Structure formats: structure tokens, C-alpha cells
Amino acid sequence: MPHATRPTQLSPSRAGDFKQCPLLYRFRAVDRLPEPPSKAQVQGTLVHAVLERLYELEAGLRTPRQALAMIEPEWAKLQASGEYAALFDGLDDESDWLRNVRRLVETYFAMEDPQRLQPHRTECLVTTTLDDGTSLKGFIDRADVNPAGLVRLVDYKTGKRPPERFADKALFQMKFYALVWWRTRGTVPTLLRLMYLGDGQMLDYSPNERELEGFEKTLKALWSVMREAIATGDFRPQKSKLCGWCAHQALCPEFGGEPPAYPLPTVLPGLAMPVEVPSADTPPT
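Computed from a prediction, not measured in an experiment: that's the story for all the values here.

Participant: Which residues make up the overall build of the protein, and what values do they have?
Facilitator: In terms of regular secondary structure, the protein is built from 7 helices and 5 strands. In terms of C-alpha radius of gyration, the protein reaches 21 Å, essentially the compact-globule figure of 19 Å for 285 residues. Each of the three principal axes of the protein carries a C-alpha extent, and together these read 65 × 50 × 35 Å. Taking all 285 residues of the protein together, 44% fall into the buried category. At a minimum sequence separation of 6, the contacts of the protein that also span at least 24 residues come to 65%. As displayed, the protein offers around 15,000 Å² of accessible surface, 52% of which is attributable to carbon and sulfur atoms. Across the protein, the 35 positively charged side chains and the 37 negatively charged ones have centroids separated by 3 Å.

Next up, the structure:
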């Protein structure tokens, strides 16, 4: 089993895991159990790499032809690790997958002209610690700052834009970035933009200070609950339609499985010394 860790930071992806299913969060952030990569995940990684490399070029060289020529070399870099050896069922399967990667890159150029942009940063690491000690960390795909100082934070998605009723869930990640940007740079981003390359649509949102203050309280409360779970080992499974895509069903009580013994020493209220608990679904009493 990989070396277990006691998480000390909150990121958008791990916050999303915990909100979806606390036990999934434990498997990923504490146990760090391996998960086989999916074609969709690797596709996203490759497209993001191409777009990041694209903005390393001079503006006049950022053409569709140049971006498409980057796909094969960037894919070769990813393959060098050997992690994706079993991803495809053959050369035809891989060719179809690469054809879709090219389509996504071409869709990007239909959505905006990178020759007219000069990003402030790409793959921008943002971190901050809130006044209650909550530590936040995230990576923004692209941050644009115009001459007037207005800020636009952009994230690329290789799927399709979700229905309007799921917009708040989709924007959670962007509000997270906006909060960290505001707390570290003193400026509330003017626009948060999600670019869905799967269908060429965008989701734009303009936050304000009052909203971000409320969101900050939400993150503090969420991290408080997460810290308690980390301290006690009490991570309850939460069954949903998303369980069908989970790589850890064999270890989940909702599917007849049993999580491994909690790998970290736990501390109960009123006790000075850590104690061990047998598993996440049987918290100490």
C-alpha cells in the first residue's frame, strides 16, 4: 500500500471528493490508493499540456497547425512513464482517441484567438492560509490581466458544458481560485470562465467580495469537518450515481466491501495519546 498521509491543505479537487463521498476522499487523500487512469482523464491531461505549451510561443506562432503538431510530442512525453501502457485496446483505439484530442484542440481555436492574448500566467499555482488556519492550494489553467488591471481566471474542460442546474457545482472550483487570488493579491477577479471544449461552450461568472466572503466561510466549515474525519478516521461512504465510476467499490461497505484499517493514528477528544481504529466505517466510541 502507498505511504499514507495526513492532509494539511484543501484543494478544489479534494474538496469535491469529500463532498461527493467522504470515504472516496479518504482513499485518495489519506490512503492514496492507486486508480487506473481513464481515457477521459488522460485526454484532459494531454489537451492541457498542449495549450500550456502553446502559450510559451510568441503570439504570432500560436496557430491551429502549430498546436496540432504539439499533440504527438506531448503524448510521447506522457507515455514515457509507462503509466498508460494498458489504456487502449489496440492501435485503432488509440488512433480514434488521438483524433478526438485533435478535435478538442481545434475547438479551442474556434472559441478564442490565442494570438490576441498574452496571459499573465499559465498553470498558475495559488496558495493561501485563511485567518482560521485553513490552508488552500490550487492550480489555475490561465490567469489573464489586462492593462487596466482587470483579472480573468480561465479553466479548460474537455467535456461538455453541464446543464444550468449544475452550474453552481461547476463554479465551485473557480470560486475557490477567485478567493485565493483575492486573499493573496487583493483584487477580486472580474470574470471566472470555464471553457468546455467538448461542445465549444463557455460558462462565465463574475464574483464579488460579499459572495467570496460567504464562500470563504463555507470552505472553513468544510475543512473543519474534514479535519475531524482525518483525526478520527470516520469517513462515511455516500452512495450516488457517481459510484459507477469509482475505482474502489471492492473496498466500499455500500457494495459489500470493507475498507482497510485506518492507516493513521487517530486522536479522540479528551485523549492525549493517539489510538488506532479498525476501519473508517467503525469509528471509535
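Participant: Could you give me a rundown of the confidence of the model for the protein, with the residues and numbers involved?
Facilitator: Any residue range with low pLDDT should be treated as having predicted coordinates unsuitable for detailed reading. When pLDDT is averaged along the protein, the result is 91; 93% of the residues meet or exceed 70. In this model, residues 270–285 is a region of pLDDT below 50 whose contacts with residues beyond four sequence positions or in other chains number 35 contacts.

Participant: Got a sec to walk through the side chain of serine 11? Specific residues and values, please.
Facilitator: With respect to the helices and strands, serine 11 occurs in the segment before α1 (12–20). By relative accessible area, serine 11 is classed as buried at 15%. Polar contacts involving the side chain of serine 11 include one to the side chain of serine 13, which spans 3.3 Å. For serine 11, the contacting residues outside a window of four places in its chain are Lys137 and Phe176.

Thresholds, definitions, all that
- Residues numbered from 1 in each chain as written.
- Predicted model: local features only at pLDDT ≥ 70, side-chain atom pairs only at ≥ 80, totals over all residues.
- Heavy atoms only, no water.
- Helix = DSSP H or I, 4+ residues; strand = E, 2+ residues; numbered from the N terminus.
- Rg over C-alpha atoms; globule rule 2.2 N^0.38 Å.
- Buried < 20%, exposed > 50% of the residue type's maximum accessible area, 1.4 Å probe, protein only.
- Contact = heavy atoms within 4.5 Å.
- Areas by Shrake-Rupley, 256 points an atom, 1.4 Å probe, with all protein chains shown as cover.
- Lys, Arg positive; Asp, Glu negative; His and termini not counted.
- Charge placed at Lys NZ, Arg CZ, Asp CG, Glu CD.
- pLDDT = per-residue confidence, 0-100.
- Polar contact = N/O pair within 3.5 Å; in protein donor to acceptor, adjacent residues only side chain to side chain.

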